[in-house]
Number of protein chains: 6
Amino acid sequence: MPAIREAVARAVAEDIGALGDVSAALLAVDSHVVASFVPRADGVIAGCLAATETFAQIDPAVRVDWSVDDGVEIVTGQVIGRVEGSLPSILTGERTALNFLCHLSGIASLTRRYVRATHGKARVRDTRKTTPGLRALEKAAVRAGGGVNHRGSLSDSVLIKDNHLAGLSIPQAVARARLRWPGLSVQVECDQRDQVNTAIEAGADLVLLDNMTPEQVAECVKIVDGRFPVEVSGNVSVETLGAYVDAGANLISVGALTHSAPVLDIGLDLDLNN
Amino acid sequence: MPAIREAVARAVAEDIGALGDVSAALLAVDSHVVASFVPRADGVIAGCLAATETFAQIDPAVRVDWSVDDGVEIVTGQVIGRVEGSLPSILTGERTALNFLCHLSGIASLTRRYVRATHGKARVRDTRKTTPGLRALEKAAVRAGGGVNHRGSLSDSVLIKDNHLAGLSIPQAVARARLRWPGLSVQVECDQRDQVNTAIEAGADLVLLDNMTPEQVAECVKIVDGRFPVEVSGNVSVETLGAYVDAGANLISVGALTHSAPVLDIGLDLDLNN
Amino acid sequence: MPAIREAVARAVAEDIGALGDVSAALLAVDSHVVASFVPRADGVIAGCLAATETFAQIDPAVRVDWSVDDGVEIVTGQVIGRVEGSLPSILTGERTALNFLCHLSGIASLTRRYVRATHGKARVRDTRKTTPGLRALEKAAVRAGGGVNHRGSLSDSVLIKDNHLAGLSIPQAVARARLRWPGLSVQVECDQRDQVNTAIEAGADLVLLDNMTPEQVAECVKIVDGRFPVEVSGNVSVETLGAYVDAGANLISVGALTHSAPVLDIGLDLDLNN
Amino acid sequence: MPAIREAVARAVAEDIGALGDVSAALLAVDSHVVASFVPRADGVIAGCLAATETFAQIDPAVRVDWSVDDGVEIVTGQVIGRVEGSLPSILTGERTALNFLCHLSGIASLTRRYVRATHGKARVRDTRKTTPGLRALEKAAVRAGGGVNHRGSLSDSVLIKDNHLAGLSIPQAVARARLRWPGLSVQVECDQRDQVNTAIEAGADLVLLDNMTPEQVAECVKIVDGRFPVEVSGNVSVETLGAYVDAGANLISVGALTHSAPVLDIGLDLDLNN
Amino acid sequence: MPAIREAVARAVAEDIGALGDVSAALLAVDSHVVASFVPRADGVIAGCLAATETFAQIDPAVRVDWSVDDGVEIVTGQVIGRVEGSLPSILTGERTALNFLCHLSGIASLTRRYVRATHGKARVRDTRKTTPGLRALEKAAVRAGGGVNHRGSLSDSVLIKDNHLAGLSIPQAVARARLRWPGLSVQVECDQRDQVNTAIEAGADLVLLDNMTPEQVAECVKIVDGRFPVEVSGNVSVETLGAYVDAGANLISVGALTHSAPVLDIGLDLDLNN
Amino acid sequence: MPAIREAVARAVAEDIGALGDVSAALLAVDSHVVASFVPRADGVIAGCLAATETFAQIDPAVRVDWSVDDGVEIVTGQVIGRVEGSLPSILTGERTALNFLCHLSGIASLTRRYVRATHGKARVRDTRKTTPGLRALEKAAVRAGGGVNHRGSLSDSVLIKDNHLAGLSIPQAVARARLRWPGLSVQVECDQRDQVNTAIEAGADLVLLDNMTPEQVAECVKIVDGRFPVEVSGNVSVETLGAYVDAGANLISVGALTHSAPVLDIGLDLDLNN
């Protein structure tokens, strides 16, 4: 996948610097070791391909094997993968490989927590609030966590937000969207109940209820009346999510999945008996 | 700065997609607006240059002015900057500009919390646990937050960690480092008291105490006896930091500054009266 | 726009070579001229921004002004824009600027011919059959010609084609798409009438009738019965398009718009009196 | 070849988008298929390496084998190559691989038509009127079609065109070129008979007769009198080419080879029995 | 010029590292200074545009003005240009700007020495033995020094060298070249007198006499008898060049111009009175 | 290593041009040969990986084997490596592979000469005066020659030079550096004896004596009195180096290693008996 290759190339370049790994250079090149990826906390793994690619770019002779696939739940202390090859090459790649693995697994793990909290009654969705330069990898990590993706880019579907309404009304927006972008779904972000009515009348495909209380959401769910899935957004937390699900929301958008997920701590342990 | 230009170019490209912003395309090109950057929470700002560059790459006619510089503390509701120009251009750039601003301000804000917790008795330091592709920008955000930087790359200084010791002893490592990399500082990560003695005898410039209790740190501080600053690392939190400072640590390394900082929520509000 | 900047940078680099423009180098650097963009045939202009950017990258002192915007109909001999600056710079950029302008105007002009042939009773749509590396620019040229865009990328909407059916049935495909990609429109390409029924029952948002006769299309239009716009594809020409429109098609997809449009011939004439 | 790798990487990136292929994602990853490249029209194949590279970048486990080489004539329905591997990977790469193959084969096929029309009495040549970003691949496709290449870039040889004459005379141009660029061939584009005499006297290596009638060309051929090959350009079509060849032209430059060749329609058919 | 922009961007990126200029960061940002470019030795200047571009990429507010153009002879202590702006920005860019300026001026200066040694009776030519990644800039520096360029790339002209003759004879090579690459000049490298005869009979445009003594060159000059310029190559030094010129060589190729030119030492002096 | 891959990709692209290798294209593709890398002068080899990578990028079927590693002394006429594969591929890659090999071996060889001249009593160090775009490769070549590296980039350590003193004093500089960049070594360039005292008192880690006579160096060595290694710079030549070593210098910085090393001449000879 080109997105992974390029992200890894950038990360390796920024970590290696002009002199290379000055610490690993002190080691004998021919020291051969095996090391294990071991989580320090429970969570969901994501980013295996990026970690593998990191070692491939640094030293094609290093071999990486995984016992798990992206999306699998892993537990503290479990050996989830092994790296085998020259000690200096492995040490040079360790941090970059772990930076991908921990960051993306952090996203997958947080997503899984939100997914769990829905008890299967709604789906959890990411946003475009991703870390600059890592959109494709983070969206894949959300899927690994059991979430579904919102727009990949501004090209993917029409979403009319409050700031657009400074320039045109909801009916105008929907009408123009139908004309210019047939086949793209048209979604309207509403922060008031009236806008939901307007959006439905205008023929929107979906509404996104922004910053509403569960009570307001329940009213809007009634208005929508099963025409399409109802999406809720606006600082929904794992704690408050249940109320929105109970209010009838079908999709819960959570920016935090990609913008504020703490890493899942994973380490690389040398196998000293090997 | 080339690092900012390239990071922004990648972020804009991944957000725009092949059709451009299909929603903004519904608006009249000549609608001119002013909008304000407004924090939704208190914190420390960072990333202004990246946000400015985002709009510059999308539409050079958009003008961005800041009332604050990176590193300044900002409060909820304060107008910290203004954007002026065509409405569709501003909407197209909004998310990418905010993604940089919120992510980097999140790092600066978390750093400031740690810095505060030291009460001026130690300094807070980042690590190489940065988000892949954003090393330079995140290191600058740590400085904006009042922290100091650890190595920028594997070229910057010699740091001997536990995994290196699979291939050579501490005295061997320091001796070889002196020979091969004169002028680079040589640091040894120690997770046992004995290693500190060994490192000092070997002539290391700094030791990094990893995963020790405050009591163990206090003992090591005595051993070091003012020869050089003592650095502590290993899942130090804002809560536990005080005990390490009291134990005599001079530098506290915190991976979370860059790998797990939640965003600082900042929005872009259209000035409707304008 | 980054897409234009990058496409122009590549084109300029591939045309300039390692010695620069060896012919223009024979001219005096300070010879100042004005030149006019003049079409040699009637058509629709597109690509003005790319042509402007070409000269900007070669010599920022060259000034380009357009009398027309993308999408305007232009006639043989009309002066549609002017370039002013150093003669060698203008000659160095001439071919690359015209390559963009003629290629993209060729696409806009062919699109306009198809649009005309619908007499306003259907819309003309492009495909993903674009020239590698120029997707965003060609899609914009189709819009300039009056057409509408199909998917910008494989991320934009779900389209189930015959080859997908080797792996899953239409109902399976639609059901999985709803589950995994809520909010993305789901389209099914059908080359038999039965598939249209199946797609409707499965809940597809759109069907794309591929390689059908106008008679078959008319039957499918009856089946669809206004539920959504009906799209037709498969080597539709300007000549055969009318029959499909009369059969009730709402959208006509034409790969030739981007893969086989001949250039619109536009030249750059020096203004010798200037 | 770096040119192919980079062109393919750009094309794959622009087609995949931030979410990946949302349609192929609905399929089982382990479904293994064989598919055949099959032309829908007769022509000349080109671009095999680019198509192979496309699948290699998407999934190295996909295997591509060709029964033909670039430059071979292929007929409707013939199996010219096979792809074997995971169904979703093949579907993800299909369009990009075909975009290269159909575009470049279109150029090779049109070139072959022109070459045929010369009955071996002249050679057919391309121009710098190539699609931006694809110069090297399109020039190779012209060679596959049996044509010969004109300048690859502005560095390759000196060509004095009418617009250069605004700044210097033909004798001045040739004299300066000899001085500054010894070893590069010097060619002069002439649209009047007198210029041919002037160019010969000035010592040009070649003349390029632009926009002349066959009669005018015949006169110029007499003037040149075998000193060097005579080249003709200016909207020569397959129909009018014969008259120019009969008039004694040795080289026929045709911009349309690269700027207006329609694609050669080639499809990828799944082998359902496999 | 894209070649300069890209070369400078790479050089700035490799020099700045992940932390930025840690030394300049100690200075006050608002300290405004003027500095002068001053040669420490006599020579010929080249690379002014690259030096200017370096500061532009680091800080657009820094202003650079030159008193000389590329190709001008400069003397020790002369102020050849001035930089004005923030002290830390100027210090950050100083080394990279000087690296371009000193390297390219070194090439121009060495070229000028060779040119002088010809006393105007021959021209001095570079080779493809350039520093990887700097071909276009080094070729321009040779021109600034008064030399002329050989091939810019392998696309520019046909040059048959000894290793090609393992695969085909000189007459075969020339005949095939005429057929496949009409309009490109065909040059044959000869290290024996007989090859010169063969090349002339085969119709080569130029011969390049490699590793011959002046006496052998004189014999070959007689054979060529004014048909075309005679080129000499093979470790010609400033000292031995005269003998080759006297032997009748018209062009002297010198790989050392680009592969072994020592820098011209140029410094940047702060104007302390300013 | 990404640095090598990217440097090679740029070099191959700039040498191949838009038409490819027009000379090698005249040869039969299936002619298989073996060729040997053979030095034409004695020296130290460096750049083997870059030469190998060059052929890998042009034609993965070409095989390269080395009899020596970077850093080994090689003698005129020795076969140091072999290339085996298609003749046209080998000829296309020959010049670029040799450009890397000769340039980097030139640096290694010059470094070795300086290292020899120290008779083991001091170490030889490079500077940041590297060829733009080749920093990492040239620094590795210095190590191959037996030298040690100075800063890889402006991020690597603090170095206060004369121009910095326009903005702050030595004690200010050292104090601020300790505060802002704990763990980075702080070096002060001194061109007067007094500055050495000041730097020591300020607590600098190293001093770099710039443009001093051996006598002045000897005095400074006394002042430093073994606190840290003393470094000397400023146009030290192989001839003058001994006096500085005798004066007690421990490190000798030589810009010429990377900015003015002539190439080590290495050729590629076809094995005609093979």
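Everything below is about the structure shown above.
Residues numbered from 1 in each chain as written. Chains lettered and ligands numbered in written order. Predicted model: local features only at pLDDT ≥ 70, side-chain atom pairs only at ≥ 80, totals over all residues. Heavy atoms only, no water.

1. What to know about unusual backbone geometry
Argument step 1. The phi torsion at A:D225 lies on the positive side, around 55 degrees, for a residue other than glycine.
Argument step 2. Mapped onto the elements of the fold, A:D225 is located in the loop between helix 7 (214–224) and strand 10 (230–233).
Argument step 3. Owing to a relative accessible area of 60%, A:D225 belongs among the exposed residues under this scheme.
Argument step 4. With a phi angle near 50 degrees, B:H119 is a residue other than glycine that sits in the positive phi range. (Helix = DSSP H or I, 4+ residues; strand = E, 2+ residues; numbered from the N terminus. Buried < 20%, exposed > 50% of the residue type's maximum accessible area, 1.4 Å probe, protein only.)

2. Observations regarding the environment of B:L184
Argument step 1. Topologically, B:L184 is positioned in the loop between helix 5 (170–180) and strand 8 (186–190).
Argument step 2. On a C-alpha basis, the gap between B:L184 and B:A256 in space is 26 Å, while along the polypeptide they are 72 residues apart.
Argument step 3. Aside from chain neighbours lying at most four places away, what touches B:L184 is A:V22, B:S155, B:D156, B:S157, B:V158, B:R178, B:D205 and F:D156. (Contact = heavy atoms within 4.5 Å.)

3. Some thoughts on the sheet that holds strand 1 (residues 32–39) of chain E
Residue and element names in this part refer to chain E.
Argument step 1. In space, the 4 strands of this open sheet follow the order 3-5-1-12, with antiparallel pairing throughout. Edge positions in the sheet fall to strand 3 (63–66) and strand 12 (266–270), since each of these pairs with one other strand and no more. The sheet shows a mean angle of 20 degrees between the axes of neighbouring strands, direction not considered.
Argument step 2. Where strand 1 lies against strand 5 (residues 81–86), 6 bridges are found, and the strand directions are antiparallel. (Pairing = 2+ DSSP bridges. Axes fitted to C-alpha atoms, helices over the stretch in contact; angles between N-to-C directions.)

4. Digging into the sheet that holds strand 10 (residues 230–233) of chain D
Residue and element names in this part refer to chain D.
Argument step 1. Judged by pairing direction, the sheet is parallel, and its 6 strands sit side by side in the order 6-11-10-9-8-7 without closing on themselves. Every interior strand has two partners, whereas the edge strands, strand 6 (123–125) and strand 7 (158–160), have only one. Neighbour-to-neighbour, the strand axes of the sheet open up by a mean angle of 25 degrees, direction not taken into account.
Argument step 2. As judged from the 3 bridges shared by strand 7 and strand 8 (residues 186–190), these two strands associate in the parallel manner. Paired with V158 across the bridge in strand 8 is V186.

Purely spatial values, then, with no claim about function.
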